[in-house]
Amino acid sequence: MKLELRRIHIKDIQFGDKLAVENGVLTVNKEDLIEKLKEDERIKDIKVDIARPGEKVRIIPVKDVIEPRVKIEGAGNGFPGASTKIAQLGDGKVNVLYGAAVVTVGDIVGFQEGVVDMWGEGAKWTPFSKTYNLVVDITPVEGLDPHTHEATVRLAGLKAAEFIGEAGRKVEPDEVLTYEMESNALETKKYPDLPKVLYVEMLISQGLLHDGYIYGVNSQLILPTLIHPNEELDGAVISGNCVAACDKITTYQHQNNSVILDLYAQHGKTINFLGVILTPELTTLEGKFRTCDYTAKLCKTLGADGVIVSEEGYGNPDSDLVMICKRLENAGIKTALITDECSGRDGMSQPLTDTASEAVAVVSTGNVSHVVTLPPADKVIGNAESIATLAGGWDGALLEDGTLMCELNAVIGATSEIGYHNCTVKLY
Amino acid sequence: MAEKYKVLYYVNQFFGQIGGEDKAGIEPMYKEETVGPALGFNGLISEEGEVIGTIICGDNYFNENKEEAMKFILDIVKKTNPDIVVTGPAFNAGRYGMACGEIAKAIVEQLNIPAVTGMYVENPGVDVCKGQVIIASTSDSAAGMRKALPVMANIVKKIVKGEELGLPEEEGYIPQGKRLTVFSDKRGSQRAVEMLLARLNDEPFETELPMPVFDKVNPAEAIKDLSKATIALVTSGGIVPKGNPDRIQSASAQKWGKYDVSEKDALGADYCTIHGGYDPVYANELPDRVAPLDMLKQYEKDGVIGKVYEYFYTTTGTGTSVGNAMKFGKEIGKELKEAGVDGVILTST
């Protein structure tokens, strides 16, 4: 497969009469976007706003972040199976509004939504303080059950990103990144001496706000499955707004999965990158045994020498993480794991809920309970008071002057377990 | 700093130049001078600080008469009001280490005055105080004095000036066990790729998260006659009365709640979940799916169990630190034990 991600560098977003990119400035016609999204009769109201890096703006409660793109060559525009007609992804040319993001907010669905601060202390903790964010605030009609409410806002975010992405259709990109990998057999012929490496991406799959989707299929329903890395980079995997804000893999992070990109960078140089295995994290013990056995079996069948395993969420998925590790190491396959930790606000508690002596190489992306103090914003997009009910917040987390005290739990992408961000943990 | 900061020093009979093992029983004393290591230490800080005096106490005396010894020592600290207290270094001397650790810890906890000590990493005194006190990492014998004192002096200077201490390996102290979130110059995925490459090439690598070691809890003995037993219901599934009156967190719980269910047949419509770690829809339809009060009450009616305890206990399990979970467990367990509860149905999610 060969995929070109053609980046158009976005340096600002403005509202205007038409949808266009000129000299790096993305102009959006607000009314057109609102009209488009309100085609869904489950949506009562849409508000659109802009948050730029450095502005004293707080966005809360954030559900998902999506990168606006348009596919100009090859099959499948948008998110096939989820928001558009099904198609085989992974080949072709995609124009990317690089530096821009669609951020969805609105009435809270669950506890797993979070905060993005665009400036100062808060900006350090989230990767989405560096993007120009088009914030879409969605109010659904009354009486929707929670699952329909979630599906509605998820779809609205994807559609908004597709709509905005069209602005880049005819624009010449500032840089073109090419991702090309042929069959495992051919790649192995090309690089017979390089160690074969797989990436196991665990997806939480545990119900409302806890599911990932692959070509629109709920990850709860799958056996672990092999996909070409290009498929994920091309929009095959989307977020079901899963788990705590700090370590949910937003759709944006699937589109730009940092493990895939960093492995790709080594492909043909130091490793032979075989592909990505998407593994659901299920709630039942039988489910965990089935998926962990199956994942290890796929790695063995494909002849991997090394595997990177990334977790999504914490708690019971820690078991899946170390179970997969144990099976691979016992089969002679070397692993590196990526996880965050729950070491308590004081950092004195054990970091994981399960353990395996085989897990000797682990990257920690931060303690989810690390408490941060975020100074008052000049402007809040969404609802500042929602922090009281979010995971990582508490009643009283919002001080009278607008200062927000919360755990990293509530900050979008802070402890990203696909290693999208820079946090780590040191023992003091 | 116009005025020099004041350091109070503690040593045992040996380093206090009173005598060896035969003098280990001597009572504590205070000398307004720099004795033993205090002298060398004073030389290292003399530009900005000074050692104002040395407390000396026999190792045996301290360990056998802890209360009296501690009272004497704390009184001296109160009277002299130093900016910081230094004890040891104790190297690998066990009794001396215990004294240095306990004294330093008491000064931090009771008087809110910082304290620094020095020990070999295997000294039993390390575990006594490492959470509260910075312990310089020393060699296992007094031959390491010349190396230990500058490390301790440097740590003391930073603490007195309110400067942040760097990493344990940079500053030379024993890790306190705090896992602190910091920024790396590389993103996590890059670090994972590099770690895997190192492993594949048989090169050295260092994990960022050494695997935790778990406690093992022995199960209690079986209840002999359930029909006479009082059973309590406890959950980490975040089931609370609607409105969440105690404001229990949806993740990383800092507290638990208890609610009178003696008049209820089921949790039913008055309860809901605030747990942020699972799909709440089905629990909200019927909270007893998570905390089965309905079944327990039925068992009580049928005579299968003697009685359902009148209070139901609850907290949120997701992201809750083991430290907090242990604390909750002890608190709830104590109440249940005192109430004469025989058994607990503990549900997770």
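What counts, and at which threshold
- Residues numbered from 1 in each chain as written.
- Chains lettered and ligands numbered in written order.
- Predicted model: local features only at pLDDT ≥ 70, side-chain atom pairs only at ≥ 80, totals over all residues.
- Heavy atoms only, no water.
- Phe/Tyr/Trp six-rings, centres within 6.5 Å; stacked < 30°, edge-to-face > 60°.
- Buried < 20%, exposed > 50% of the residue type's maximum accessible area, 1.4 Å probe, protein only.
- Helix = DSSP H or I, 4+ residues; strand = E, 2+ residues; numbered from the N terminus.
- Lys NZ or Arg CZ within 6 Å of the ring centre and 35° of its normal.
- Pairing = 2+ DSSP bridges.
- Axes fitted to C-alpha atoms, helices over the stretch in contact; angles between N-to-C directions.
- Parallel < 35°, antiparallel > 145°, perpendicular 65-115°, else oblique.
- Left-handed = near helix turned anticlockwise from the far one by under 90°.
- Contact = heavy atoms within 4.5 Å.
- Nonpolar A, V, L, I, M, F, W, Y, C, P; charged D, E, K, R; others polar.
- 1 Å grid on protein atoms, 1.4 Å probe; cavity = no way out; pocket = protein on both sides within 12 Å on 5 of 7 lines; lining within 4 Å.
- Points joined across faces, edges and corners; volume = space filled by probe spheres on them.
- Buried area = accessible area lost by both parts, 1.4 Å probe.
- Salt bridge = Lys/Arg side-chain N within 4 Å of Asp/Glu carboxyl O.
- Domains from an automatic or database assignment.

Enquirer: Just to check I follow, could you spell out the packing of aromatic side chains for this structure?
Expert: Geometrically, a pair of aromatic rings is defined through the distance of the ring centres and the angle of the planes. On inspection of all chains with the given rule, the structure shows 14 aromatic pairs over all chains. An angle of 85° between the planes, with centres 5.1 Å apart, marks the rings of B:F14 and B:F15 as edge-to-face. Overall, B:F14 belongs to the exposed group, its relative accessible area being 51%. We classify B:F15 as buried; its relative accessible area is 14%. Between B:Y271 and B:F312 the ring centres are 5.9 Å apart and the planes differ by 70°, which places this aromatic pair in the edge-to-face class. Of this pair, B:Y271 sits in strand β11 (residues 271–273) while B:F312 sits in strand β12 (residues 307–314), and the two are 41 residues apart along the sequence. Taken together, B:F14, B:F15, B:F91 and B:Y96 form an aromatic cluster joined through their ring pairs. When the ring centre of A:F15 is taken as origin, the NZ or CZ atom of A:K30, which lies over that ring, is 4.7 Å away.

Enquirer: How should the pairing of strand β12 (residues 132–140) of chain A be read in this particular structure?
Expert: On any regular strand, side chains alternate: one points to one face of the sheet, the next to the other face. Residues and elements named next belong to chain A. Burial runs high along β12: eight of the nine residues are buried. Bridging between strand β5 (residues 43–51) and β12 involves eight bridges; their strand directions are antiparallel. Residue pairing in the sheet places I46 in a bridge with I138 of β12. Pairing analysis gives seven bridges linking strand β10 (residues 100–106) to β12, with the strands arranged parallel. Bridge pairing links V102 to L134 in β12.

Enquirer: Hey, could you run me through the packing of helix α7 (residues 258–266) of chain A against helix α8 (residues 188–200) of chain B in this one?
Expert: Helix-helix packing: each pair is described by the crossing angle between the helix axes and the interaxial distance. Their axes nearest at 8 Å, the elements α7(A) and α8(B) cross at an angle of 45°. The orientation of α7(A) with respect to α8(B), classified from their angle, is oblique. Helix-helix and strand crossings are classified by hand; for α7(A) and α8(B) the assignment is right-handed. In this structure, α7(A) contributes A:S258, A:V259, A:D262, A:L263 and A:Q266 to the contact, and α8(B) contributes B:S189, B:Q190, B:V193 and B:L197. Residues belonging to the contact of α7(A) with α8(B) are distributed by class as follows: four nonpolar, four polar and one charged.

Enquirer: How do you make sense of empty space enclosed by the protein when you look at a structure like this?
Expert: Once rolled over the atoms, a probe with the size of a water molecule shows which space is left empty. All names here are of chain A. Per the counting criterion, the structure on display carries three cavities of 30 Å³ or more. Roughly 120 Å³ of internal volume is contained in the largest cavity. Lining the largest cavity are 15 residues; nearest its centre among them are R69, N77, G78, F79 and Q255. Counting only elements with at least two residues in the lining of the largest cavity, the list comes to β8 (69–73) and α3 (146–165). Top contributing element to the lining of the largest cavity by residue count: β8, with three residues. Roughly 60 Å³ of internal volume is contained in the second largest cavity. Along its surface, the second largest cavity is lined by L5, R7, E67, R69, V96, Y98, L177, Y179, L233, Q255, N256 and L261. Listing elements by their share of the lining of the second largest cavity, those giving two or more residues are β1 (2–9), β9 (92–98) and β13 (175–180). Split into classes, the residues belonging to the lining of the second largest cavity amount to seven nonpolar, two polar and three charged.

Enquirer: Mind showing me how you'd approach the side chain of A:E187 here?
Expert: Positionally, A:E187 belongs in helix α4 (residues 184–190). Contacts of A:E187, omitting those with residues within four sequence positions, involve A:M181, A:E182, A:H267 and A:N272.

Enquirer: Just to check I follow, could you spell out the interface of chain B and chain A for this structure?
Expert: When the parts of a complex come together, some accessible area is lost, and that lost area is often used as the size of the interface. Contact residues are listed per partner, giving 60 residues for chain B and 79 residues for chain A. Roughly 5800 Å² of surface becomes buried between chain B and chain A when both sides are summed, with 63% attributable to carbon and sulfur atoms. Applying the counting rule to chain B against chain A returns four salt bridges. With eleven residues, α8(B) is the single largest residue contributor to the side of chain B that touches chain A. Grouping the amino acids of the side of chain B that touches chain A by side-chain chemistry returns 27 nonpolar, 22 polar and eleven charged. Two strands pair when backbone bridges link them, and strand β26 (residues 423–427) of chain A and strand β7 (residues 179–183) of chain B are joined in this way by five bridges, in the antiparallel orientation.

Enquirer: Could you clarify how one ought to interpret the domain arrangement of chain B in this entry?
Expert: The domain boundaries assigned to chain B delineate domain 1 (5–171) and domain 2 (226–347). Taking the mean C-alpha position of each, domain 1 of chain B and domain 2 of chain B sit 48 Å from one another.

Enquirer: What's the story with the sheet that holds strand β3 (residues 49–57) of chain B in this structure? I'm lost.
Expert: Each strand in a sheet pairs with another by means of backbone hydrogen bonds, the pair being arranged parallel or else antiparallel. Residue and element names in this part refer to chain B. Taken together, six strands build an open sheet; the order of strands is β2-β3-β1-β4-β5-β6 and the sheet is mixed. With partners counted over all chains shown, the strands left at the sheet margins are β2 (29–31) and β6 (134–137), one partner each. Averaged over all pairs of adjacent strands, the angle between their axes in this sheet comes to 25°, without regard to strand direction. Bridge analysis of strand β4 (residues 84–87) against strand β5 (residues 115–119) gives three bridges, and the strand direction is parallel.

Enquirer: I'm lost on the layout of surface pockets in this one. Help?
Expert: Within this model, the second largest pocket holds a volume of roughly 570 Å³. Taken together, 22 residues form the lining of the second largest pocket, with A:V425, A:K426, B:E206, B:T207 and B:E208 sitting closest to its centre. For the lining of the second largest pocket, the elements supplying multiple residues, two or more each, are β26 of chain A together with β7 and α8 of chain B. Considered class by class, the residues forming the lining of the second largest pocket number ten nonpolar, three polar and nine charged.

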